[in-house]
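Spelled out, the chains give:
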Amino acid sequence: MRLQTALQTERLSLRQVQQHDYPFYLSLNQIPQVMHFIEQGRSEQKIAELFAKSLPPWHQQAEQTLQWLIAERETGALVGFFGARLQNPPQGPAEIGYRLHPAMQGHGYAQEAGRAVLRFLFETCGVHKAEAVVTGGNQVSSRLLERLGFRLEGIQRQHYWMGGAWHDDWHYGLLADDPQPG
């Protein structure tokens with residue numbers, strides 16, 4: 001069954017990415033400040049492959065990432081992307097991820113988009129758990145997840161090789177029936 005994936009918040013509109021969104025996706029994935037804790041030096045070929053995987057119409061049995069483009073409702077200005085991938089369709093858990101353009105950070109957009117995505121995952125899809133993995137040291141992302149109600153569930157020490165060094169992975173989780181901030 002195909003679900004309505006377009007989401008609206010007070011200030012934002014989220015819709016599944018389309019082919020014409022690629023230039024913004026590419027540019028965002030090439031900004032060192034955005035990619036610092038994700039993957040440094042990602043090739044344009046890999047960026048294109050990742051983007052292409054999110055283009056087919058999404059359904060709850062899909063193994064692809066549902067990638068939303070985030071835009072300001074009032075101006076249409078592009079904010080960034082928010083994604084969710086069901087690891088064991090259809091009930092999850094769902095792993096989430098996000099990246100915002102530096103000019104759009106610090107306005108509460110990631111939290112606002114995150115609440116809408118979590119509502120979609122828990123209420124519309126019936127997912128029992130959302131998860132996120134944060135590269136050790138990414139305090140901004142950790143604080144966002146905690147504001148969304150996530151809890152640190154564990155640390156995998158020196159688990160991720162990036163930029164010529166090993167980094168810890170911080171694993172966060174949020175159950176559908178956990179208390180969620182208003």
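What counts, and where the lines are drawn
- Residues numbered from 1 in each chain as written.
- Predicted model: local features only at pLDDT ≥ 70, side-chain atom pairs only at ≥ 80, totals over all residues.
- Heavy atoms only, no water.
- Helix = DSSP H or I, 4+ residues; strand = E, 2+ residues; numbered from the N terminus.
- Rg over C-alpha atoms; globule rule 2.2 N^0.38 Å.
- Contact = heavy atoms within 4.5 Å.
- Pairing = 2+ DSSP bridges.
- Axes fitted to C-alpha atoms, helices over the stretch in contact; angles between N-to-C directions.
- Salt bridge = Lys/Arg side-chain N within 4 Å of Asp/Glu carboxyl O.
- Buried < 20%, exposed > 50% of the residue type's maximum accessible area, 1.4 Å probe, protein only.

1. Some thoughts on the overall build of the protein chain
Along the protein chain, the regular secondary structure elements total five helices and eight strands. For the protein chain, the succession of helices and strands along the chain, N to C, is β-β-α-α-α-β-β-β-α-β-α-β-β. For the protein chain, whose C-alpha radius of gyration is 16 Å, the value lies close to the compact-globule estimate of 16 Å for 182 residues. Taken along its principal axes, the extent of the C-alpha atoms in the protein chain is 45 × 35 × 30 Å. Of the contacts formed within the protein chain by residues at least 6 apart in sequence, a portion of 64% connects residues at least 24 apart.

2. A word on the sheet that holds strand β8 (residues 165–175)
Spatially, β1-β2-β3-β4-β5-β6-β8-β7 is the arrangement adopted by the eight strands of the open sheet, whose pairing is mixed. A strand with exactly one partner marks an edge of an open sheet, and here the two such strands are β1 (7–8) and β7 (151–162). Set on the sheet, helix α1 (residues 22–29) makes contact with β3 (66–72), β4 (78–86) and β5 (94–100); between it and β4 the angle comes to about 90°. Relative to β4, helix α4 (residues 109–124) is tilted by about 30°, and along the sheet it contacts β1, β2 (12–16), β3, β4, β5, β6 (129–135) and β8.

3. Here we look at the pairing of β8
Relative to β8, β6 runs antiparallel, the two sharing seven bridges. Across the sheet, the residue bridging to Val 133 is His 171, located in β8. Where β7 lies against β8, eight bridges are found, and the strand directions are antiparallel. In the strand pairing of β8, Ile 155 is matched with Trp 170. Hairpin connection between β7 and β8: a loop of two residues separates the two successive antiparallel strands, and Gly 163 in this loop has a positive phi of roughly 60°.

4. Section: unusual backbone geometry
Backbone torsion omega between Gly 92 and Pro 93 reads 15°, so that peptide bond is classified as cis. By the secondary structure assignment, Pro 93 is in the loop between β4 and β5. The backbone phi angle of Gln 158 is positive, close to 40°, even though this residue is not glycine. Looking at the element boundaries, Gln 158 is found in strand β7.

5. Quick notes on the pattern of salt bridges
What the rule picks out here adds up to eight salt bridges. Here Lys 129 ties to Glu 153 by a salt bridge, and the two come within 3.0 Å at their closest N and O atoms. You can see Lys 129 sitting in strand β6 and its partner Glu 153 sitting in strand β7, a full 24 residues away along the chain. According to the relative accessible area criterion, Lys 129 is buried, its value standing at 14%.

6. So, α1
Of all eight residues making up α1, six are buried, and the element is well covered by its neighbours. Here α1 has its buried residues at Tyr 22, Phe 24, Tyr 25, Leu 26, Leu 28 and Asn 29. Taken together, the buried residues of α1 touch α2 (32–35), α3 (44–53), β3, β4 and β5.

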